[in-house]
Amino acid sequence: MMKIALIGIGSVGRGVGEVLKNDKRFKIVAAADSKSGLVNPDGIDFDAIMAAKKKTGRCGTTDWTAFRIAAEVDYDTLVEVTPTNAETGEPALSTIKIALSRGKHVVTSNKGPISLAYRDLKALAKENNADIRFEGTVAGAVPIINGMKNGLAGNPVKALFGVLNGTCNYILSRMEEEGLTYQQALAEARDLGYAEADPTYDVNGTDAAIKLVILANSVLGMNVTLKDVQRTGIDRITPEAIKMAHTTGHTIRLIASLYPDKRDLEVSPRLLPEDDPLVFSETLNAITVETEYAGAITFIGAGAGSVETASAILSDLVFILKKYAL
Amino acid sequence: MQKYIRTTLKLELQDKPGQLLTAIKPISESGANIITISHQRDEENPGSDLIVDIVISLQESALPKLLDSLKAQNIDVTRIGIERLMCMKTFILIGHILHTDLTDTVNRIDKKDITEVTELHIIMPKLDEPSTAKLTIKAVNEAEMDHAIEKLEKIAAEKHLMIIDEIGGRL
């Protein structure tokens, strides 16, 4: 049985709790939110801490912080699912380093640490005979990292095109379907909870660019940062542009593209044929990988969501469970 | 780099069996790719000549030899139209397209018989609001198209226009 320390009980953390609570292979022995934490070597009653959090805004007591749990508790794997800080990766980056330094495995859906410090974290893990896995950082439930690393192993990648931001995809598909302006579609996305109060990182292409950096470094062996990604957002797109694209059977989507040989990384609105597999409505994510031998392969599915992202985390946990026979 | 051209041949064939095949054989041997063939029989004058339009794409240097071989088969070629600009790309531009000297934008891309802006469609929703344009560029080959795109990107940066282009190089 694997003992888990769960850091972060927001949307993804709740999903992880739901997915793991009836799975006898796993036991959550510690949990922390941004203000408090609790530890129980016999296993935490997840429903009880969610009830407590709802009532008091805290899951436990203030003496247990994420750092203290990472440093002191007896666990096998740290699951880090706090919100992304794209500039510094903190506090998640420090929490993850503490766990790896102790030889503990780490599974995370947090894009900050992986996009900023992939090489360092991988080296630290290796040094301490631990694993760090992060399937949930890119495209939510879609198994793109394992799909490319294992499923397409050995296959040279010529190019990669992705719809990696559900908010932008929702906005552009609503502009296309209903002829809405950008502002109208954004307001609708906010009402439905698809866009955050400050949607800047989504609509200016930064969120998609961070995911592209993670894929480039972790799957394609590149060494790039956010600065290497040329970014253009969707906020200037007019309804007329989408109508004009339609006259030649095209539409507009925010596409993250990567040509490994040319070291060419870009996130920008592009014209795509309306029947392209990367053209779909709603908040899904998809990635088309163009390979030497397999031709073009498209992965598609839920790009975000509580239980959906937890599915990616579960797959990483099962991998570690099997590899280390926990 | 070999220049490919698209051309339309209008052939006059005698209306008897085997004539079409006789005409197609030299075309096929020239390495040309036949894009479409259409023929119309003159119902009011049975027995008159058959007019066949064949659209082909081939290397420009192979065209004179092809015309010679057709002549050798006693096939009359009555018209040849040549489309030199084989490469085509469509772009959408957003910004103050008219107020940033549209003529200048087009002139800087146009290079007679090499790269040309062949279609331009502008929508201006309101005064002072950004307009949207669809621009089609044709070029003789990929390299010239790349030059034209570089120019377009430079112009767009100068004039604060946003360019949306097609995803290229897909399988």
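The structure under discussion appears in the preceding block.
Below, the structure is looked at part by part.

## Quick look at the sheet that holds strand 5 (residues 105-108) of chain A
All names here are of chain A. The mixed open sheet is built from six strands, whose spatial order is 3-2-1-4-5-6. The open sheet has two edge strands with one neighbour each: strand 3 (37-39) and strand 6 (132-133). In the sheet, strand 1 (residues 2-7) pairs with strand 2 (residues 26-32) via six bridges, with the strands oriented parallel. From the neighbouring strand, Ala5 faces strand 2, where its bridge partner is Ala30.

## Digging into the environment of Ile51 of chain B
All names here are of chain B. Residue placement: Ile51 occurs in strand 3 (residues 50-59). Relative accessible area serves as the criterion here: at 31%, Ile51 is assigned to the partly exposed category. For the pair Ile51 and Asp101, spaced 50 residues apart in sequence, the C-alpha to C-alpha distance is 47 Å.

## A word on the packing of helix 7 (residues 166-178) of chain A against helix 8 (residues 182-191) of chain A
Residues and elements named next belong to chain A. Where helix 7 contacts helix 8, the two axes come as close as 9 Å, and the packing angle between them is 125°. Relative to helix 8, the element helix 7 is oriented oblique. Crossing hand, helix 7 versus helix 8: right-handed. Where helix 7 abuts helix 8, its residues Tyr170, Ile171, Arg174 and Met175 lie against Tyr182, Ala185, Leu186, Glu188 and Ala189. Considered class by class, the residues forming the contact of helix 7 with helix 8 number seven nonpolar, no polar and two charged.

## What to know about a negative patch on the surface
Residue and element names in this part refer to chain B. Where like charges cluster on the molecular surface, the negative patch consists of Glu142, Asp146, Glu150 and Glu153. Examined against the element boundaries, Asp146 turns out to sit in helix 4 (residues 142-158). Its relative accessible area of 42% is what places Asp146 among the partly exposed residues.

## Some words on the nonpolar core
Residue and element names in this part refer to chain A. Core analysis: the largest hydrophobic core is formed by 81 residues, its most contacted members being Ile144 and Ile237. Those residues within four positions of Ile144 in sequence are excluded, and the remaining contacts are Glu135, Val138, Ala139, Leu215, Ile287, Val289 and Phe299. One finds Ile9, Ile28, Ala310 and Leu321 within the second-largest nonpolar core, a separate group that totals 24 residues.

Rules of the game
Residues numbered from 1 in each chain as written. Chains lettered and ligands numbered in written order. Predicted model: local features only at pLDDT ≥ 70, side-chain atom pairs only at ≥ 80, totals over all residues. Heavy atoms only, no water. Pairing = 2+ DSSP bridges. Helix = DSSP H or I, 4+ residues; strand = E, 2+ residues; numbered from the N terminus. Buried < 20%, exposed > 50% of the residue type's maximum accessible area, 1.4 Å probe, protein only. Axes fitted to C-alpha atoms, helices over the stretch in contact; angles between N-to-C directions. Parallel < 35°, antiparallel > 145°, perpendicular 65-115°, else oblique. Left-handed = near helix turned anticlockwise from the far one by under 90°. Contact = heavy atoms within 4.5 Å. Nonpolar A, V, L, I, M, F, W, Y, C, P; charged D, E, K, R; others polar. Patch = residues over 30% accessible without salt bridge, like charges linked within 9 Å, V, L, I, M, F, W, Y side chains within 5 Å. Areas by Shrake-Rupley, 256 points an atom, 1.4 Å probe, with all protein chains shown as cover. Salt bridge = Lys/Arg side-chain N within 4 Å of Asp/Glu carboxyl O. Lys, Arg positive; Asp, Glu negative; His and termini not counted. Charge placed at Lys NZ, Arg CZ, Asp CG, Glu CD. Core = buried A, V, L, I, M, F, W, Y, C linked by side-chain atoms within 4.5 Å.

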